[in-house]
Amino acid sequence: MSEAPQDAQFAISVDRLYRRFDHRPALAGVSFDLLWGSRTLLLGPNGAGKSTLLRVLATLARPSAGNARVAGYDVTDEAADVRRLIGYVGHQTYLYGDLTVQENLRFYARLYGMGSSHGSLEFLVDALDLDQFLNQRVRTLSRGWQQRAALARALLHDPIILLLDEPDAGLDEAAAATMLEMLQDRDWTMLIATHSLDRFEPLSSDVIRLEAGRMAGNASNQPDHAVRVG
C-alpha cells in the first residue's frame, strides 16, 4: 500500500473545485482543508453536491476545474495512489452481484495485495456478522446486508482516510451501532455525508455545509481541524 507523502500537511485539500453536468454546476468553487485525524460531517439538502464531492475525492468523477488532493496526492493525476489509501462507501456497493460475499472480499483483498485469509477480512466478517451470508451472491441480499458487505469492502485494506456517503443506509439499529463503534475505535480521517445528524454528530469534530454546490459555512467543535473553508 502507498503511504502519504511525508510533506502532506492536510489529509484532504480542496481548492476552488468545480464539477459540471450538462453545463449545470454540481460543485461551484468549493474550498476547504482537513487536517489528519479530523472527523468531518458533510451536510446539506439533497442536490447540494455532497455525493459529487465525495465521488471526486474518491477519483470516481473528474473535476471540471480546480484542484483536490487526498493524502497529498492529486485526485486526477495520481488517482491510483489515492485509491490505495482511501475507503469509500457510496450509494453503489461496488460489489459484483453475481459473486458471493466471500468472492467479492477475496477479490478486493487480492486487489490490495492482501492474502485471501488476511486477519482484517476475518475481523470484518465477524464484526459485521457476515458469516451467514459469505456464500450467497450479493444480488440476492437485502439492501442492509449489501451495505454491510460494502462496509467490509471499504475497510478491508485498513485505509487511512474514509469517504462515506450515507454509510448507514439500509442498516438496522444494531448494524448502525456496530458501524459507529468500529469508526470510533480507529484513527481514520473521515469525511461523512449524512442526513443522520443525531447518529453521527457525537463522532465528529467538524461540520461542513453545502448548498447548491457551494460552501455554506461550517460549525466546528475543534476549529483547528477544518482550517480553511471558503
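Residue positions are given per chain, counting from 1 as you read along its sequence in written order. This being a predicted model, a pLDDT of at least 70 is required before a residue's local features are given, and a value of 80 or more before pairs of side-chain atoms are given or counted; all residues contribute to the totals for chains, interfaces and linings. The side-chain numbers reported here are obtained from all heavy atoms of the structure, hydrogens and water having been left aside.

A few words now on the overall build of the protein chain. Looking only at helices and strands, the protein chain features seven helices and eleven strands. Buried positions account for 51% of the 230 residues belonging to the protein chain. Every residue pair with non-hydrogen atoms within 4.5 Å of one another is taken to be in contact. If you take every contact in the protein chain between residues at least 6 apart in sequence, the share linking residues at least 24 apart comes to 69%. Helix and strand assignments follow DSSP, with helices taken as H or I runs no shorter than four residues and strands as E runs no shorter than two, numbered in order from the N terminus. For every residue, the accessible area (1.4 Å probe, protein chains only) is compared with the maximum for its type, and the residue is labelled buried under 20%, exposed over 50%, or partly exposed between those bounds.

Looking at the element boundaries, Arg-19 is found in strand β1 (residues 10-21). One buried charged residue, Arg-19, remains without a salt bridge, the closest side chain of opposite sign being Asp-22 at 9.3 Å. Polar contact is the term for a pair of N or O atoms within 3.5 Å; when the atoms are in protein, one must be able to donate a hydrogen and the other to accept it, and sequence-neighboring residues count only if both atoms are side-chain atoms. Within the structure, the side chain of Arg-19 is placed 2.7 Å from the backbone oxygen of Arg-62, a separation counted as a polar contact. The residues touching Arg-19, leaving out its near neighbours within four places in the chain, are Arg-24, Pro-25, Ala-26, Leu-27, Thr-52, Ala-61, Arg-62 and Ser-64. We treat Lys and Arg as the positive residues and Asp and Glu as the negative residues; His and chain ends play no part in the count. We count a salt bridge whenever a side-chain nitrogen from Lys or Arg sits within 4 Å of a carboxyl oxygen from Asp or Glu.

Looking at where Ala-65 falls in the secondary structure, it is placed in strand β4 (residues 65-70). For Ala-65 and Tyr-18, which are 47 residues apart along the polypeptide, the C-alpha to C-alpha distance reads 4.9 Å. In contact with Ala-65, other than residues within four places in its own chain, are Arg-16, Leu-17 and Tyr-18.

A few words now on helix α3 (residues 101-111). If you check which residues of α3 are buried, you get Val-101, Asn-104, Leu-105, Tyr-108 and Ala-109. All buried residues of α3 lie within an arc of 135° about the axis, which places them on one face of the element. If you follow the buried residues of α3, they end up packed against α4 (119-127) and α5 (143-155). Looking one or two residues beyond α3, the residue adopting positive phi is Gly-113, at roughly 75°. Throughout, the arc means that of the directions going from the helix axis to the C-beta atoms.

What follows is about the confidence of the model for the protein chain. Confidence per residue, as judged by the predictor, is encoded in pLDDT with a range of 0 to 100. For the protein chain, per-residue confidence averages 90 on the pLDDT scale, and 89% of positions sit at 70 or higher. Confidence drops under pLDDT 50 across residues 221-225; counting only partners more than four residues distant or on other chains, this segment forms twelve contacts.

Next up on the list: empty space enclosed by the protein. The method works on a 1 Å grid over the protein atoms by themselves. A cavity is a set of points holding a 1.4 Å probe that cannot get out, a pocket is an open set with protein on both sides within 12 Å along at least five of seven lines, and residues with an atom within 4 Å of a point line them. Grid points are joined across faces, edges and corners, and a volume is the space filled by probe spheres set on the points. Per the stated rule, a full pass over the model turns up one cavity of 30 Å³ or more. By volume, the largest cavity is sized at about 40 Å³. Taken together, Leu-151, Leu-155, Leu-164, Met-179, Met-182 and Leu-183 make up the full set of residues lining the largest cavity. Those elements that provide at least two residues to the lining of the largest cavity are α5 and α6 (173-184). No other element matches α6, which puts three residues into the lining of the largest cavity.

On to the packing of α3 against α5, then. Angles here are taken between N-to-C directions and fall from 0 to 180 degrees, while the axes themselves are lines fitted to C-alpha atoms, restricted in helices to the stretch in contact. Running from amino to carboxyl end, α3 crosses α5 at an angle of 15°, the nearest separation of the two axes being 9 Å. Here α3 is positioned roughly parallel relative to α5, judged by the angle of their axes. Crossing handedness for the pair α3 and α5: right-handed. Residues Val-101, Leu-105 and Tyr-108 of α3 form the contact with α5, whose participating residues are Ala-149, Ala-152 and Arg-153. Put simply, angles under 35 degrees are roughly parallel, angles over 145 are roughly antiparallel, angles from 65 to 115 are roughly perpendicular, and the rest are oblique. For a crossing to be left-handed, the near helix must be turned anticlockwise from the far one by less than a right angle; the clockwise case is right-handed.

Here we come to unusual backbone geometry. Trans peptide bonds make up most of the peptide bonds, and negative phi angles are found at most residues other than glycine. Of note, Arg-16 is a non-glycine position whose phi angle comes to about 50°, a positive value. Notably, Ala-212 is not glycine yet its phi reads approximately 50°, a positive angle. Secondary-structure assignment places Ala-212 in the loop between β9 (206-211) and β10 (214-220).

The next subject is the environment of Arg-16. The topology assignment puts Arg-16 in strand β1. Given a relative accessible area of 55%, Arg-16 falls into the exposed group. A C-alpha to C-alpha distance of 10.0 Å links Arg-16 and Arg-214, two positions 198 residues apart in sequence.

All right, on to the layout of surface pockets then. Rolled over the atoms, a probe sized like a water molecule indicates the empty space that remains. When its volume is computed, the largest pocket comes out at roughly 370 Å³. Around the largest pocket, the lining comprises 15 residues; the ones closest to its centre are Arg-83, Tyr-108, Leu-111, Tyr-112 and Arg-153. Looking at the lining of the largest pocket, the elements with two or more residues in it are α2 (79-85), β6 (86-89) and α3. Empty space within the second largest pocket amounts to approximately 250 Å³. What lines the second largest pocket is a set of 17 residues, and nearest its centre among them are Gly-47, Gly-49, Lys-50, Ser-51 and Thr-52. Elements that contribute at least two residues to the lining of the second largest pocket include exactly β1, β2 (24-35) and α1 (50-57). Top element by residues in the lining of the second largest pocket is α1. It accounts for four residues.

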